[in-house]
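As a plain string of letters, each chain reads:
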Amino acid sequence: MDDFYPIIREKLKAAGEYPNSRILPLSLIFIDVVGFSSMNASERERALDMIRSLGAVILRAENAMYLNTWGDAIVAAFDSVDDALCCACKFSQHFSLVGHDSRIGVSWGNVRISKNDIIGGDDFDGDAANLGARLEAIADPGSVLCSEEVATIAGLESEKFFFTERYKSLSKRVGDRVEGEEIRVFEVRLKSN
């Protein structure tokens, strides 16, 4: 069993047939508030209230799904890259209006959606989730940083966004990319109407 179970599990996962899960191509956003840990108790409470109220409106308006939060962090998946980028940019803009900066990472790829008995709902994982978390960590305060895959995906309504090419060093390993490796990413902003 020890020899064959890992092989069988990997074949099922690759085929999208892992028990109680499915694999879908999704866009992911990872949002974190800059300086949250160094805030005093009342500042943290105000920031959390803002995140939750703002998040509820923007995430719903942009068709977010498979949501999860912990403290000052929000993670969400989207069927549409446009929706994910719009959500990320709007969140960053609104949050900065009240004097807070966020760091946001946006990635795209195959994601495993599975039942998480700990949270009592669906959750997601996979390489795209790992990359999105790493992008959030290296984003500048007040910015939205997306992967090269997001910026160049077919069907993206690129006329909605400004993409500025950047090269950033990874702060942690992700997949076959090592800590300190410089990767090509894009800072994203919404174009004004």
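Small disclaimer: the values here were computed from a predicted structure and weren't measured.

What follows is about unusual backbone geometry. A positive phi angle is found at Asn 63, which is not glycine, with a value near 65°. Looking at where Asn 63 falls in the secondary structure, it is placed in the loop between helix H2 (41-61) and strand S2 (65-70).

The next point concerns the nonpolar core. Membership of the largest hydrophobic core comes to 35 residues, with the highest contact counts inside it found for Ile 29, Leu 85, Phe 91, Val 106 and Cys 146. Taken together, the elements giving at least two residues each to this core come down to strand S1 (21-33), H2, strand S3 (73-78), helix H3 (81-97), strand S4 (102-116), strand S6 (143-147), helix H5 (148-151) and strand S8 (182-190). Not counting residues within four places of it along the chain, the set of residues in contact with Val 106 comprises Leu 28, Ile 29, Ala 84, Leu 85, Ala 88, Leu 135, Val 144, Leu 145, Cys 146, Ser 147 and Val 150. Of all hydrophobic cores here, the second largest spans eleven residues; its members include Phe 30, Ile 113, Ala 128 and Ala 129.

Volume-wise, the largest pocket comes out at about 380 Å³. Of all elements in the fold, only S4 and helix H4 (127-138) reach the threshold of two or more residues within the lining of the largest pocket. Per-element accounting of the lining of the largest pocket gives the leading share, five residues, to S4. Residues belonging to the lining of the largest pocket are distributed by class as follows: six nonpolar, five polar and seven charged.

This part covers the side chain of Asp 32. The residue Asp 32 is located in strand S1 in this model. Classification of Asp 32 by relative accessible area gives buried; the value is 15%. Those residues within four positions of Asp 32 in sequence are excluded, and the remaining contacts are Asp 72, Ala 73, Asp 101, Ser 102, Arg 103 and Glu 136.

Given two aromatic rings, one states the distance between the centres and the angle between the planes to describe the pair. Taken as a whole and judged by the stated rule, the model has three aromatic pairs. A centroid spacing of 5.7 Å and a plane angle of 20° characterise the contact between Phe 91 and Phe 95, whose relative ring orientation is stacked. Residue Phe 91 and its partner Phe 95 are located together in helix H3, separated by four residues, close to a single helical turn. According to the relative accessible area criterion, Phe 95 is buried, its value standing at 0%. Among the aromatic side chains, those forming a connected cluster through ring pairs are Phe 161, Phe 163 and Phe 186. Sitting over the ring of Phe 162, Lys 191 keeps its end group 5.3 Å from the ring centre.

The subject of this paragraph is the pairing of S6. Each regular strand carries side chains that alternate between the two faces of the sheet. Counting buried positions along S6 gives five out of five residues, so the element sits mostly inside the fold. Residues Ser 143, Leu 145 and Ser 147 point to one face of S6 and Val 144 and Cys 146 to the other, with burial holding for every one of them. In terms of strand pairing, S4 meets S6 through four bridges, oriented parallel. Within the sheet, the bridge partner assigned to Val 106 lies in S6 and is Cys 146.

So, on to the side chain of Ser 143. Relative to the elements of secondary structure, Ser 143 occurs in strand S6. Judged by relative accessible area, which is 4%, Ser 143 ranks as buried. A polar side-chain atom of Ser 143 sits 2.6 Å from the main-chain carbonyl oxygen of Asp 140. If we ignore the near neighbours within four places in the chain, the residues touching Ser 143 are Ser 92, Ser 102, Arg 103, Ile 104 and Glu 187.

Contact pair H2 / H3: the axes reach a minimum separation of 10 Å and the direction vectors enclose 145°. Crossing hand, H2 versus H3: right-handed. Side by side, H2 and H3 meet where Ala 47, Met 50, Ile 51, Leu 54, Gly 55, Ile 58 and Leu 59 of the first sit next to Cys 87, Lys 90, Phe 91, His 94 and Phe 95 of the second. Partitioning the contact of H2 with H3 into residue classes produces nine nonpolar, two polar and one charged.

So, how was this worked out
- Residues numbered from 1 in each chain as written.
- Predicted model: local features only at pLDDT ≥ 70, side-chain atom pairs only at ≥ 80, totals over all residues.
- Heavy atoms only, no water.
- Helix = DSSP H or I, 4+ residues; strand = E, 2+ residues; numbered from the N terminus.
- Core = buried A, V, L, I, M, F, W, Y, C linked by side-chain atoms within 4.5 Å.
- Buried < 20%, exposed > 50% of the residue type's maximum accessible area, 1.4 Å probe, protein only.
- Contact = heavy atoms within 4.5 Å.
- 1 Å grid on protein atoms, 1.4 Å probe; cavity = no way out; pocket = protein on both sides within 12 Å on 5 of 7 lines; lining within 4 Å.
- Points joined across faces, edges and corners; volume = space filled by probe spheres on them.
- Nonpolar A, V, L, I, M, F, W, Y, C, P; charged D, E, K, R; others polar.
- Phe/Tyr/Trp six-rings, centres within 6.5 Å; stacked < 30°, edge-to-face > 60°.
- Lys NZ or Arg CZ within 6 Å of the ring centre and 35° of its normal.
- Pairing = 2+ DSSP bridges.
- Polar contact = N/O pair within 3.5 Å; in protein donor to acceptor, adjacent residues only side chain to side chain.
- Axes fitted to C-alpha atoms, helices over the stretch in contact; angles between N-to-C directions.
- Left-handed = near helix turned anticlockwise from the far one by under 90°.

That is the geometry; function is a separate question.
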